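These are the residues of each chain, in order.
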Amino acid sequence: MTLRLAPSLDPAPVPHPDTVAALAARVEAAGRIRLGRSLAVMLLRPGGCAGCAGEGRALADAPYDMARFGLRFVDSPREADVLLVAGPATRNMTEALGRCWSAMAEPRWVVAVGDCAAGTGPFEGSYALEAGGVGAVLPLDLVVPGCPPAPTLILEALLALMEAQA
């Protein structure tokens, strides 16, 4: 006997427009002070279930549209200002994480997205992971908690990072 669960028919939660507008104003002000240009974000998923990476990628979708805030995803660490690591630091990806970090130009930041990247979460204690999460491999600037964290929380974290560096 096979049990199959139907996908949820509930609509995706829509962020409150006032929240998004307030975040947009803060991101623009902080980004212009610190960088004077847009912020390039590279999203890495070194392992795990991809839940946090999906929430991070949702920032580019219509409800959030991070491009209007001056944030954009890039595919090369040479173009990136921020390395968003979504998922646990697996042992087989340690070298790749280090190479991405060393290929980035200054100023550069690393943000651990989700509980797994922080060294906790459902995969904690696995032989395949670096103990201590992404922070054991790269110098962390910020940790976004959650399993997975909401896109608004990730956007708030990027804003806090820019404001702290300004």
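What you see is a predicted model; the values in this text were computed from it and never measured.

Thresholds, definitions, all that
Each chain has its residues counted from 1, running along the sequence as written. Thresholds applied to this predicted model are a pLDDT of at least 70 for local features of residues and 80 or more for the giving and counting of side-chain atom pairs; totals over whole chains, interfaces and linings are not thresholded and use all residues. Derived side-chain values reflect all non-hydrogen atoms in the structure, with water molecules and hydrogen atoms excluded from consideration. Residues enter a nonpolar core if they are buried and are Ala, Val, Leu, Ile, Met, Phe, Trp, Tyr or Cys, with the set joined through side-chain atoms within 4.5 Å. Exposure categories follow from relative accessible area, calculated using a 1.4 Å probe and restricted to protein chains: below 20% of the type maximum is buried, above 50% is exposed, and the middle band is partly exposed. Numbering of helices and strands starts at the N terminus; helices are DSSP runs of H or I of at least 4 residues and strands are runs of E of at least 2. Throughout, a contact is declared for two residues whenever any of their heavy atoms are within 4.5 Å. Whether two strands pair comes down to DSSP finding at least two bridges between them. Every axis in this analysis is a line fitted to C-alpha atoms, fitted for helices over the stretch in contact. Angles between the N-to-C directions lie between 0 and 180 degrees.

Caption draft 1: Broad picture of the nonpolar core. Membership of the largest hydrophobic core comes to 28 residues, with the highest contact counts inside it found for Leu59, Leu71, Val82, Leu84, Val111, Val113 and Leu158. Counting only elements with at least two residues in this core, the list comes to α1 (17–34), β1 (39–44), α2 (51–57), β2 (71–73), β3 (82–86), β4 (109–113) and α4 (151–165). By residue number, the principal contributor to this core is α4, which donates seven residues. Look past the residues within four positions of Leu59 in its chain and what remains in contact with it is Tyr64, Asp65, Met66, Pro151, Ile154, Leu155 and Leu158. Core analysis: the next-biggest nonpolar cluster, separate from the first, contains 17 residues, Ala40, Ala80, Ala89 and Trp101 among them.

Caption draft 2: Layout of unusual backbone geometry. Cis peptide bonds are those with omega within 30 degrees of zero, and the linkage from Glu106 to Pro107 qualifies with -10 degrees. Looking at the secondary structure, you find Pro107 in the loop between α3 (94–103) and β4. Of note, the bond from Cys147 into Pro148 is cis; its omega dihedral lies within 30 degrees of zero at -15 degrees. You can see Pro148 is positioned in the loop between β5 (142–144) and α4. Although it is not a glycine, Ala50 adopts a positive phi angle of roughly 75 degrees. Of note, Ala50 is situated in the loop between β1 and α2.

Caption draft 3: View of the environment of Pro15. Summarising the element assignment, Pro15 is placed in the segment before α1. Take Pro15: its relative accessible area is 12%, and that puts it in the buried class. Expressed as a C-alpha distance, the spacing of Pro15 and Thr152, which sit 137 residues apart in the sequence, is 7.7 Å.

Caption draft 4: Spatial organisation of the sheet that holds β2. In spatial order, the strands read β2-β1-β3-β4-β5; together these five strands make up an open sheet with parallel pairing. Looking at strand neighbours, the two that pair on one side only are β2 and β5, the edges of this open sheet. Here the strands of the sheet are splayed against their neighbours by 25 degrees on average, with no regard to which way each runs.

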